[in-house]
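# Secondary and tertiary structure notes
In case you want the letters, here they are:
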Amino acid sequence: MSDFMLWLYANYIKPQLGAAPLGAYAYPMDALRNVLCDDGRRDLDKALEFTAIQAFLLGLRTGEGLALSRR
């Protein structure tokens, strides 16, 4: 990952994800975090970081979300 993408995740993507309602995913995420050890939680956070960055880049490549901003 580039330094810019890591910065973008920390300063834009992660706060947006933190503000999003979890809905039906709240309990499974809490349960998963509660059963993991500290190293496992760090690994989960890194996996979520990677997935969120890749999803963001995919949205840029495909132009998803641009139609919503033009309205």
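Structure report, in brief. (Residues numbered from 1 in each chain as written. Predicted model: local features only at pLDDT ≥ 70, side-chain atom pairs only at ≥ 80, totals over all residues. Heavy atoms only, no water.)

Turning our eyes to something else, we now look at the nonpolar core. Within the largest apolar cluster, seven residues are counted, these being Met5, Leu8, Tyr9, Ile13, Ala52, Ile53 and Leu57. Elements with a minimum of two residues in this core: helix H1 (3-19) and helix H3 (38-62). Of all the elements, H1 adds the most residues to this core, at four residues. Discounting chain neighbours no more than four positions away, the residues touching Ala52 are Tyr9, Ile13 and Leu17. (Core = buried A, V, L, I, M, F, W, Y, C linked by side-chain atoms within 4.5 Å. Buried < 20%, exposed > 50% of the residue type's maximum accessible area, 1.4 Å probe, protein only. Helix = DSSP H or I, 4+ residues; strand = E, 2+ residues; numbered from the N terminus. Contact = heavy atoms within 4.5 Å.)

This part is about the side chain of Glu49. Looking at the secondary structure, you find Glu49 in helix H3. Residues in contact with Glu49, not counting those within four places in the same chain, are Leu6 and Tyr9.

Moving on, we get to the packing of H1 against H3. The packing of two helices is summarised by the inter-axis angle and the distance between the axes. One way to put it is that H1 packs onto H3 with a least axis distance of 10 Å and a crossing angle of 95 degrees. Viewed along their axes, H1 and H3 adopt a mutual orientation that is roughly perpendicular. Between H1 and H3, the residues in contact are Met5, Leu6, Leu8, Tyr9, Tyr12, Ile13 and Leu17 and Leu48, Glu49, Ala52, Ile53, Phe56 and Leu57, respectively. Residues belonging to the contact of H1 with H3 are distributed by class as follows: 12 nonpolar, no polar and one charged. (Axes fitted to C-alpha atoms, helices over the stretch in contact; angles between N-to-C directions. Parallel < 35°, antiparallel > 145°, perpendicular 65-115°, else oblique. Nonpolar A, V, L, I, M, F, W, Y, C, P; charged D, E, K, R; others polar.)

Geometric values such as these leave the question of function open.
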